[in-house]
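Chain by chain, the residues:
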Amino acid sequence: MPAWDRTLGFAHFILRRSRGDRRLLLGAFTGILIAAIAVAAAPVYLRSLEKVGVADALEDMGPYNPNIQITTRWTPLDRTEFETADTTIARLREQYIPGLVRSKEWLIKSTSFFWATAGGRMRTDPLASELSFLHFSNLDGHVRYTEGQAPSARIDTARDGVLVVEASAPAARAKMVGLKVGDVVDAMPGASRHGLIRARITGLFEVNDWDEEYWLGLGELLLFPSPAREEQELPVVVLVPEASALDGVARVTAGLPATYWWWLYTRRDILREMPAGQIVSTVDRFEERLEKALTQPDLISGLEPTFRELQRKLLFARIPMFLLAALAIAAVAYYLFLVAGLLAHKREPDNVMLRSRGLSVFQIVRMYGVESVVLIGVPVLIAPVIAIFLVSQLGRLPVYDPVTGGGALPVEPSWKAWAWAAAAGAAAFLVLLLPVLGTARRGVAEQRTEQGRPDRPPFYQRYFLDVLLLALGGLVWWELRSRGTIAGTGAEGEQEFDLTLLFSPAMFMVAAALIFLRLFPLAARISSWVTARVGSAWVAVGFWRLGRSPYWYAWPVLLLVLASGLAVVSGTLASTLERSNQEQIAYEVGADLHIVPGSRTRIEAGQLKALEGVDGVGPVTKALRQRAVYGTTAIGQDFMLLAVESLAYPKIASFREDFAQKPVKDLLARLHVNIKPDPIYLPEGTTEIGVWARTDPPVRNHFLWAVLRDPNGRNMTVTLGATAGEWTYQSAVVPQGIQVPI
């Protein structure tokens, strides 16, 4: 027979057999399609969830935080040093964050100078006003001159050899310190107290818009700096062109370090398309290379902490989906096993006949491979398309209204969807093939002998694999309950899933179902024995058949068990997630309402009373949270300081019973201290204060401080030195100039 004729006969046989088994094949096709859609939708949905999260995070960050600020405070004020650093940043920017930056601005700030108007006396005491020279790139487009004009880059030399540069100043601060257009200021570096430079005030300006992105929210802080101490006079900043700073002021500072800022304004459209992990790794790599290229730089940006936190939130947001997916995949996989077993059982006589006529096992497997081209290939191809459409339409559900506004979720087709669908198809092919391999080796006699025997226990029961799986499932379930989460910490400190714990509910449910299969035949035989003695004939025959072939009836029952378990988990998951979200919000806020004032705002008692007077508002209390450092220097170990009103806060605190063994009221009562010492008034003319003190046990680097307060309520802290283990007289000089009584 010609080869093509044999091929046509082979194809005709496969087609005819497929028509006869069309119902089972349709069931298998449906199961494979559902499985392929489920696994293909996973990467699409996760990417859509991430895109929505990235867009929402960028929106919450405001106009300033997505940008990047680079600061270095140890580079000398010098043109060569500045240009080298600027070139290095430009090179690293193109190498590590290409296309992410749309524009760049920079700021140069000199060291502090003592100053005085020409002809005036220059004060150099600690309470004297200080002056700094600043340069903002492209400043003129963001300010308006109320008096005079912008300074030029001209550098002159006075008759006494002092360099003279032109400068401008913020109008409000200039008025407060008595500067006006035309004034000439003499300035001397405070660090070296050597050299002199003059600045001629050519203009006074006001900022067009403090909220403009150009300032990154730092405009007031830079143009209107506060004194280092409350009793110190107001500092002044004057702005000069770049050439005046790098070629004029730099000659006077003679190598003293300056502060350089580079502000990199990022492209939001690029960030919205980047995964959160890529944003974090990009900024981290850029910062790592920057630290090696510049002298002690500081990179400040809201990108890295914001999107690292988004990664953490996405990790926990994926847990419910993966949990349901694990249960669904287990149910669909078992369904495919059931259909494959039924199909193999129905085709067993045909396979035995084909084997008796000379066909090899490979040829029989090849027939299944041809069927799989349609049975598996079509679902693999169309499942990602259906998954993409279904994921996009999830955005129209009410639960997504706050994010999508009733529109579709943003989807991003990816090769991963087809790869996962192909993996599901390969797994489905193995599931369909395994029962065939078990029956394709039998001959006619062996097949008829097997049909005449009662059902034998499956291999996993003969070797007690179901008991082992139940024990493993119980062990994993116990570990999950002990840890309380399926998220863990990786080798490098990043949070990740523990896949074993993720599949623990599915593992436990399958193990319980397999134990049911072990008990079902025993129950069927007992029922058959009972009905044979007390029931009618038709009931006895029915239970006799059930007891003779229990596994044939147990497989559909097991499918119902898995489907019911999936339905129960799906039904309870929504309420569990809602409660989890509510408790997370309460934990983060700490009370029903959390108001954060401006960084310079002091909360007064009258303000709290006013809030309590608002209709619907109950108790109000204030709290403080900030980073602090052990010791009196910046090199100590830092920690997070939380200060609360110990008697008032328990009335409004969000607290859960499992946070501690005692109620929050009892815990905070231990912090309450009723002792408030009365102030000690120093006699007029006091020049020194002292006290006998010791520490028991001795503590290293432990200093004794005293707080002095003048009649205006301004505080000044003086140190009496380090304490010792023995009684020691410790004293400090009362600063001159402080108003009395103290």
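For the structure, see preceding data.
Below is a short write-up of the structure.

Rules behind the numbers
- Residues numbered from 1 in each chain as written.
- Predicted model: local features only at pLDDT ≥ 70, side-chain atom pairs only at ≥ 80, totals over all residues.
- Heavy atoms only, no water.
- Helix = DSSP H or I, 4+ residues; strand = E, 2+ residues; numbered from the N terminus.
- Expected span 1.5 Å × (residues − 1).
- Buried < 20%, exposed > 50% of the residue type's maximum accessible area, 1.4 Å probe, protein only.
- Arc of directions from axis to C-beta.
- Patch = residues over 30% accessible without salt bridge, like charges linked within 9 Å, V, L, I, M, F, W, Y side chains within 5 Å.
- Areas by Shrake-Rupley, 256 points an atom, 1.4 Å probe, with all protein chains shown as cover.
- Salt bridge = Lys/Arg side-chain N within 4 Å of Asp/Glu carboxyl O.
- Pairing = 2+ DSSP bridges.

**Digging into helix α8 (residues 276-293)**
Point 1. Taking 1.5 Å as the rise per residue, α8 with 18 residues should run 26 Å; its terminal C-alpha atoms sit 26 Å apart, in good agreement.
Point 2. Regarding α8, the residues found buried are Ala-276, Ile-279, Val-280, Thr-282, Val-283, Phe-286 and Leu-290. When α8 is viewed along its axis, its buried side chains cluster within an angular range of 165° and face the same direction.

**With respect to unusual backbone geometry**
Point 1. The backbone phi angle of Asn-138 is positive, close to 55°, even though this residue is not glycine.
Point 2. Among the secondary structure elements, Asn-138 is positioned in the loop between β4 (130-136) and β5 (143-148).
Point 3. Even without being a glycine, Gln-296 presents a positive backbone phi close to 45°.
Point 4. Position of Gln-296 among the secondary structure elements: in the loop between α8 and β12 (297-301).
Point 5. Judged by its relative accessible area of 54%, Gln-296 is exposed.

**Some thoughts on a nonpolar patch on the surface**
Point 1. On the surface, a cluster of nonpolar side chains totalling about 670 Å² of accessible area is made up of Tyr-463, Leu-465, Leu-468, Leu-472, Leu-475 and Trp-478.
Point 2. As for its placement among the helices and strands, Tyr-463 is situated in the loop between α15 (459-462) and α16 (465-483).
Point 3. Judged by relative accessible area, which is 60%, Tyr-463 ranks as exposed.

**Some details on the pairing of strand β3 (residues 113-117)**
Point 1. Of all the five residues making up β3, four are buried; the element is thus mostly covered by neighbouring parts of the structure.
Point 2. Relative to β4, β3 runs antiparallel, the two being bridged by two bridges. Along β4, the bridge assignment pairs Phe-113 with Leu-131.
Point 3. In this structure, β3 lies alongside strand β8 (residues 184-189), joined through five bridges in antiparallel fashion. Directly across from Phe-114, in β8, lies its bridge partner Met-188.

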